[in-house]
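A look at the structure
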Amino acid sequence: MHALSFPVRLAAAGSLAMAAVLLAGCGGGGSAPAAPAPVLELDQVWAGKPFALNEAVTTPAGEEFTATRLRYYLSGFRLRRADGTWFEPKTDAQSSEGYVLVDAAEPASAKFALPAAPVGEYSGLEFRVGVDDPRNNAGAQTGALDPAKGMFWTWTTGYIHFKLEGRSPASPEPEQRVTLHVGGDGLSRTVYLLFATKPLKVAEGLQPTIHVVVDVASFFGGEVPLKLADTHTVMDGPHAVPLADRYVGLFRVDHLHHEPAAARP
Amino acid sequence: MSVRGIVAGVRVWIAGALVAALLVAVLAGTGARASIGNARDRLIETVESWRAPSFAVPAGWPKPVYDFSGNPVTRAGFALGRRLFYDPQLSRDGSTSCASCHQQFAAFAHYDHPVSHGIRNQNGTRNAPGLFNLAWQPALMWDGSVHHLEVQPLAPISNPVEMDESIEHVVAKLSADDTYKKDFAAAFGSPGIDSQRLLKAMTQFVGTMVSAGSRYDRYTRGEPDALTATERDGLALFRARCASCHAEPLLTDFSYRNNGLDAAPRDRGRETVTAKEGDFARFRVPSLRNVALTPPYMHDGRYDTLEQVVDHYADTVQPSPTLDPQLAGGVTLDAAQRAALVAFLKSLSDERFVHDRRYAEARR
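Since the structure is predicted, the reported quantities are computational estimates derived from the model, not experimental observations. (Residues numbered from 1 in each chain as written. Chains lettered and ligands numbered in written order. Predicted model: local features only at pLDDT ≥ 70, side-chain atom pairs only at ≥ 80, totals over all residues. Heavy atoms only, no water.)

**Some words on the overall build of chain B**
What counts here: Each helix is a run of H or I in the DSSP string that is no shorter than four residues. Each strand is a run of E no shorter than two, and both are numbered from the N terminus. Think of it in three bands: with a 1.4 Å probe and only protein chains considered, a residue is buried below 20% of the maximum accessible area for its type, exposed above 50%, and partly exposed in between. Here, residues are in contact when the closest pair of their heavy atoms is within 4.5 Å. To measure how exposed things are, a 1.4 Å probe is used in the Shrake-Rupley method; for residues, cover is taken only from the protein chains shown.
Scanning chain B from N- to C-terminus turns up 14 helices and two strands. Every one of the 364 residues in chain B was classed for burial, and the buried ones make up 49%. Put simply, of all contacts in chain B between residues at least 6 apart along the chain, 68% involve residues at least 24 apart. As displayed, chain B has an accessible area near 17,300 Å², and 57% of this comes from carbon and sulfur atoms.

**A few points about the interface of chain B and chain A**
As a reminder, the rule being used: By convention, the term buried area covers the 1.4 Å-probe accessible surface removed from two parts as they join, with the contributions of both added. Whenever a nitrogen or oxygen atom comes within 3.5 Å of another N or O atom, the pair is scored as a polar contact, on the condition that within protein one atom can donate a hydrogen and the other can accept it, and that pairs from neighbouring residues in sequence are kept only if both atoms are in side chains. Lys, Arg, Asp and Glu make up the charged group, whereas Ala, Val, Leu, Ile, Met, Phe, Trp, Tyr, Cys and Pro make up the nonpolar group; the residues left over, Gly among them, are polar.
Taken residue by residue, the interface counts 19 residues in chain B and 16 residues in chain A. Counting the surface chain B buries against chain A, the share from its top three residues, B:H147, B:V151 and B:Q196, is 31%. Linking chain B to chain A there are five residue pairs in polar contact (both at pLDDT 80 or more). Every element with two or more residues in the side of chain B that touches chain A is listed here: helix 5 (154-158), helix 6 (167-175), helix 8 (195-206) and helix 11 (271-274) of chain B. Considering every element that reaches the side of chain B that touches chain A, the biggest residue donor is helix 8 of chain B, with four residues. For the side of chain B that touches chain A, the class distribution of residues is eight nonpolar, seven polar and four charged.

**Here we look at the domain arrangement of chain B**
When the parts of a complex come together, some accessible area is lost, and that lost area is often used as the size of the interface. Residue and element names in this part refer to chain B. Applied cut-off: An automatic or database domain assignment provides the domain bounds reported here. Whenever a carboxyl oxygen of Asp or Glu lies within 4 Å of a side-chain nitrogen of Lys or Arg, that contact is scored as a salt bridge.
The domain architecture assigned to chain B consists of domain 1 (3-49), domain 2 (68-209) and domain 3 (215-348). One C-alpha centre belongs to domain 2, the other to domain 3; they are set 28 Å apart. The interface of domain 2 with domain 3 comprises 26 residues on the first partner and 22 residues on the second. Regarding the contact of domain 2 and domain 3, the summed buried area is about 1,900 Å², with carbon and sulfur atoms giving 59% of it. Interface area lost by domain 2 to domain 3 is led by F132, W142 and D143, which between them contribute 33%. Run the count over domain 2 and domain 3 and you get one salt bridge. Here D267 makes a salt bridge to R126, at a shortest N to O gap of 2.8 Å. Run the count over domain 2 and domain 3 and you get eight residue pairs in polar contact (both at pLDDT 80 or more). Its residues assigned to classes, the side of domain 2 that touches domain 3 comprises 14 nonpolar, nine polar and three charged.

**Brief notes about the environment of B:D164**
Summarising the element assignment, B:D164 is placed in the loop between helix 5 and helix 6. Here the alpha-carbon distance between B:D164 and B:R92, two residues 72 residues apart in the chain, equals 5.6 Å.

**Considerations on the pattern of salt bridges**
Applying the stated criterion to the full structure yields 30 salt bridges over all chains. A:D103 serves as the salt-bridge partner of A:R71, at 3.1 Å between the closest nitrogen and oxygen. You can see A:R71 sitting in strand 4 (residues 64-81) and its partner A:D103 sitting in strand 6 (residues 99-103), a full 32 residues away along the chain. Take A:D103: its relative accessible area is 8%, and that puts it in the buried class. For the salt bridge of B:K181 with B:D178, the shortest nitrogen-to-oxygen distance reads 3.3 Å. Placement of both B:K181 and B:D178 in helix 7 (residues 178-188) is noted, with a separation of three residues, approximately one turn of the helix. In the salt-bridge network here, residues are joined through shared partners; they are A:R78, A:E88 and A:E126.

**Focus: the packing of helix 3 (residues 75-85) of chain B against helix 8 of chain B**
All names here are of chain B. Operational definition: Every axis corresponds to a line fitted to the C-alpha atoms, with the helix fit spanning only the stretch in contact, and the corresponding angles, defined between N-to-C directions, vary from 0 to 180 degrees. Orientation is classified from the angle alone, with under 35 degrees giving roughly parallel, over 145 giving roughly antiparallel, 65 to 115 giving roughly perpendicular, and any other angle giving oblique.
At their nearest, the axes of helix 3 and helix 8 sit 7 Å apart, and the two run at 95 degrees to each other. Looking at the two axes, helix 3 sits roughly perpendicular to helix 8. Counting all contacts with helix 3, which are made through G77, F78, L80, G81, R82, L84 and F85, the residues of helix 8 involved are L198, A201, M202, Q204, F205 and V206. Its residues assigned to classes, the contact of helix 3 with helix 8 shows nine nonpolar, three polar and one charged.

Encoded structure:
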């Protein structure tokens, strides 16, 4: 593989394209990009401190809340190039690649590789919180979208984009339950994160990582803080619109990190 | 005897010999104590299974909504779907299969059950509809709450008053069963059991249930004698008074409407899905194919007979804000017209469909 890298790089520069095709052909490497795919690492916090399930916190509305479950889908990742155009990875309607289920109970789910991007510099990242409408209405899916993951409504078709459950003394429900499920058509939301201080570099031998802070407290904040005494049980699309508008604000770029990529075999 | 006659005779002889040989083979397989009746059933089963399952659009019908090109029907996939449909393991306590509420002799409705009757003797709130021509249905259920045929089984599996299971657990149960491991591998060409495979196999079974073989169909395909004079009168009336909603050839236009059952309806119907006030108490216009086989009638199974249904349209349509304007004031029908309509509705039964062995429970 290493022997290939020199001509491949030249080909990327626009010359010796023919040689690259031939070499890729005999090397078996195909047209896979040589540069490591950027990694997205989500740091889930509550107002600056690490966020943890089963730990009581106080919401911006002054209510006590203990989260027992936090899960959400992220999908439709695309990177903005320095020149303002987009790199949009190809998607396949038959595959769940490009759909990520983040689960606060599984720390490993908060760090994942984005779709491999071509060598270059990027100024921002866009993604969707939730599952797009076409996929929401498609047939049986696998992987992150497997309905067995418990993020699929069965009494009315559709994925649950975002699920936050817990307990609060403010909730009048049995066992002080709080159940906030946002799902269905029209309720996924697009988030755009600008890399303000420096561009994201995708290059051979370099592992770029985007560190994003997910401040769960901000879901409860905003101009009109969420009051669990009033909003404690939401489980259908039509009533979830105000909640969907809240999860757009959860994400913020903390910093970008570039380090030498571990040598690959 | 002409040459052609001889050839035909030889063909008959060969076919006879084949059946005889098969009978011997099957009898041998059943063992000495097996009854002849059982052997006969197995013979029929074997012969019927030669007819490969497939999906075909009847002449003159619209393009189906479900696209089988993403889930090609194969013999092994269909057989797996059939096994799953009849398997009570899909319910929490192993008591209830899809077929518990969807019986073939009733065109896969739940015969004589006004509302569904599921696990631990619990009742639901809606009548189990017949299952056929599902590939044409843009959405499933009385209120259209399920958008895609493949994911439909998730609803009954996880409904606490139907099968009360989780798909996760069903997959785990089947994965522990060697015979299912074999069946899934045969159906999909590689080992592995997951929800997608399960749902696709079930869709090969329920999605290929096509019913287009009633006497009414033979009539519309050019056999004038397939319907009696009274039934033909009924058809004419039906086309004038009913087909605006129960549109030919599927006998539904798949819209959601309120046909005036109650002045103060309790079930919110389509509104539960769309949250639109105007959808209150609207339900999908049901297909009337096989309707004589699927009593009781309406989303809550309130009418036992077709006579009662026709009387409803004539005498008891209730005004309410979402009542369909076409039915305001009811439909004027005299006694002879009512009888003709009922006679026509009874000509919509597809005997071949309800006796198609491929859709019956397989003998294993």
